[in-house]
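Residue strings, one per chain:
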Amino acid sequence: MRFSSNTVHQLLGVLCFPHRPGFMKRPLFLSVPAVADQDSSPCRRTYCGRGRQCVLMATTGRAECVCQEKCRASFVPVCGSDGRFYENHCEVYRTACAERRRIYVVHSKDCFFKGNACTMSEYNRLKSLLLDMKTTRGNPETERNRQRDMEARRALVDTMFKYLDVNHDGRLVAEELEKISMKEHVDDTLLHCTMQDLLRYDDYNNDRHLSLQEFYTAFQVVQLSLAEDQRVSVSAVTVGLSAVLTCAIQGTLRPPIIWKRNGVVLNFLDLEDINDFGDDGSLYITKVTTIHMGNYSCHAYGYEDISQTHVLQVNVPPVILVYPETQAQEPGVSASLHCRADGIPDPKLVWLKNGVELQPRSAKQLSLKANGSELFIGSVRYEDTGAYTCIAKNEVGVDEDISSLFVEDSAKKTRLSVGNMFYVFSDEGITLLQPSQCEIRRQIKRTERIVATYEEMCPKGEGPSPQRCVWSSAVNVREKYVYVSQPLQSRLLVVDIQAQRVVQAVATDPFPVKMLYDKSHDQVWVLTWGDMDRMRPTLQVIPQASVGEVHHTIRTSFQRVSDFFIPPTNLIITHVRFAFVFLQDEPAVHKVDLETLRRVKTISLKDYSCVPASMAYTHLSGVYFVQCRGGKAQLLVDAVTDAVVGRNRDLTGRAFVSPDGRYIVTPSGGGARLTVQTVSFQGEMRLRQETDDPVATSDLVFQPSFTASNRYMAVAASDSTADLLFADLSSGHSEVLRGLKEPLGPRSWPWGPPYRVVVSSGPFGQYLLTPSAESLFILNGKQRTPHCEVSDVTRGNTVVWVGEV
């Protein structure tokens, strides 16, 4: 470890900080050498002190203390109070014992320069004068470049070394320095310092000559090197473990190592998970998560031209989900068992039946589809009854789950399932729609009363206007409740999914218009406008939304709220820590702790003149996508540093991120085309393609591919046309489905875009729902065709899927 740019500082560091890590903590003197070998030797019980040793007298056999004959060979130079230079502490005390006088270590920088004869400042002047003398003989530009260009400084020192090395043997000895000293009259200039002081105080290994390397050290020439095969280092670590990234830049007088991520310096940030850089300049990441994947660069301070890149991949063991858990079928019908697994790298899927691995036959009876994510049985037989285990495996782990199939003569008909339905909120009330049969399972009319009260679900307002329901937003809370907002009534309704009835009205501030469900903390977040002009907005939270019988809101401290964002969960990311709040006309994003509901940081967007309009997030490399209001740039924010790292190309629209975080889809060109980006398992974001078929996208949903695992289809709806776009994100193929009737307009839907939503039927479903102004369209996503139309449903733009998984 070096404490400055020359040897003198190194020596002082040894004196002043003898017990810092990296220095020898054991004393250098030998107080009791191993003279006597017997355990009973008197020397084992005799302490002689520093500079002395115990010996057994031959005549008496008694232990006596005498001066040490020699010290261990170690060059840790110090100065004694007698003004002499010693190789180590031991030599100081050994000499004091031999000369029978008190000599102690002097902790003064000038002691290295013969006491007061040649002080450090004079010695440094000597070296500066030598540089100046050689500079005046060369190009005048050398002086200007000397401080900022180390290469020029090194060339200068090389020239000076050759000039001083009279016999050209690559070593500077005392005779050569003495001759040069007389020739240049240096002694007359600096009085107490001579050229021999170069040899005395910068001969680091004490071999009585200066090498070119020691000469570099004396004149603070930084020499850095990085092997060509180490310029890029790729490493992988399993999620939850710690990672150590070591910078491979080596060299003499290497300055402190600076680490960057996405161009942001990490060394000076108070980060929770990156908090120790170590004496060797290594970067420590504790409890690695997927947000830490990506590129890290290191360089020596002031020398960015020599930089090493560390590519960090975070591996994640598989997490599996099967559907259905249990099913009963009659002989002769088909059956499908689905298995979805996420992990890094992509898991491979294997199916077992009753513990024996399945070998799919070429016949249609049994086949594996989409890389094993679907097990299809064409015509079930009695012997197909069994427990089917899906096993997902990658290089860091294994997970499995069971889907059971029962084949019976007459499959037991249980009561109608309360799951696998779209809940559509329209003028008429609540429609529960089963998509595969296009069947309305239940219609909760607007006049139906809330349980335990006499109040109607949609009370009639004052005046002659007809009674109708007005909704704005809805969320599914753990398949137990659906919360839906009624802005004109300043309340939320709680629909019990099992009972299929409205069980409670929760009062809110006026005009609740937007809700999101935080599954990590079981909270429903509610944005209220205060009035139709959005002049008194507030942000409220309903805690423990899925438990208890009586729910209530908590008003947060945030005022002037224009919008908020909560990152979604998925199979891998099951816990989210932070939400983000936008305030009206403010170029900033406020980071909020979901546990305490308190602001923990404000991320300024002022440098980009960006007032945020929406956000999206990928847990792969931890990137937030901030859409700026007014068609300005889309910004990227790093979740590790909470720093804005720049613009996302020339994109300006709202970003949509697939559930696994691998695809980012942005409507561009006025929303007419979709720009698709991908994120690799090393955290690298790449431009993949643009769709060929234009659709003015207002809402977009991702549907898992039916032909390959870990792939997605993007389905986009338009605010202004009757078109719907299907885009295969892996192949780039897209097609437009037309003729779905006109969507709602701003006058019919005052709560802001999207005026036409599109909602999928869960991770295993093939159906989608999108409303027009006065009907509902069920679409077959697998075939990319209309499945059916349900008419006489007006303003059904609030839709929630309630599924079994």
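Up top is the structure these notes are about.
In what follows, the accompanying structure is described.

Cut-offs and rules
- Residues numbered from 1 in each chain as written.
- Predicted model: local features only at pLDDT ≥ 70, side-chain atom pairs only at ≥ 80, totals over all residues.
- Heavy atoms only, no water.
- 1 Å grid on protein atoms, 1.4 Å probe; cavity = no way out; pocket = protein on both sides within 12 Å on 5 of 7 lines; lining within 4 Å.
- Points joined across faces, edges and corners; volume = space filled by probe spheres on them.
- Helix = DSSP H or I, 4+ residues; strand = E, 2+ residues; numbered from the N terminus.
- Nonpolar A, V, L, I, M, F, W, Y, C, P; charged D, E, K, R; others polar.
- Pairing = 2+ DSSP bridges.
- Axes fitted to C-alpha atoms, helices over the stretch in contact; angles between N-to-C directions.
- Buried < 20%, exposed > 50% of the residue type's maximum accessible area, 1.4 Å probe, protein only.
- Contact = heavy atoms within 4.5 Å.
- Polar contact = N/O pair within 3.5 Å; in protein donor to acceptor, adjacent residues only side chain to side chain.

Re empty space enclosed by the protein
- Following the criterion strictly, the structure yields four cavities of 30 Å³ or more and no others.
- Of the pockets and cavities examined, the largest cavity occupies roughly 340 Å³.
- Together, 21 residues line the largest cavity, and Cys339, Ser373, Pro704, Ser705 and Pro763 are the ones closest to its centre.
- If one sorts the elements of the lining of the largest cavity by residue count, strand 15 (residues 335–344) sits on top with five residues.
- Here the residues of the lining of the largest cavity are counted per class, giving 11 nonpolar, six polar and four charged.
- Counted as a void, the second largest cavity has a volume near 60 Å³.
- Contributing to the lining of the second largest cavity are Asp342, Gly343, Ile344, Asn570, Ile572, His619, Leu620, Pro659, Asp660, Arg662 and Phe681.

Some points on the sheet that holds strand 34 (residues 578–583)
- Overall, antiparallel pairing links the four strands, which are arranged 33-34-35-36 in an open sheet. Each edge of the sheet is formed by a strand with only one pairing partner; in this case those strands are strand 33 (561–565) and strand 36 (598–604). Adjacent strand axes in the sheet meet at a mean angle of 30°, parallel and antiparallel pairs treated alike.
- By the bridge criterion, six bridges tie strand 35 (residues 588–593) to strand 36 in an arrangement that is antiparallel. Among the inter-strand pairings, Val592 is bridged to a residue of strand 36, identified as Arg599.

Topic: the environment of Gln540
- Relative to the assigned elements, Gln540 resides in strand 31 (residues 538–542).
- Classification of Gln540 by relative accessible area gives buried; the value is 2%.
- As for Gln540 and Thr508, which are separated by 32 residues in sequence, their C-alpha atoms are 7.8 Å apart.
- Leave out the neighbours within four places in its chain, and Gln540 touches Thr508, Asp509, Val524, Trp525, Val526, Thr528, Thr553, Ile554, Arg555 and Thr556.
- In terms of polar contacts, Gln540 uses its side chain to reach the side chain of Thr553, at 3.2 Å.

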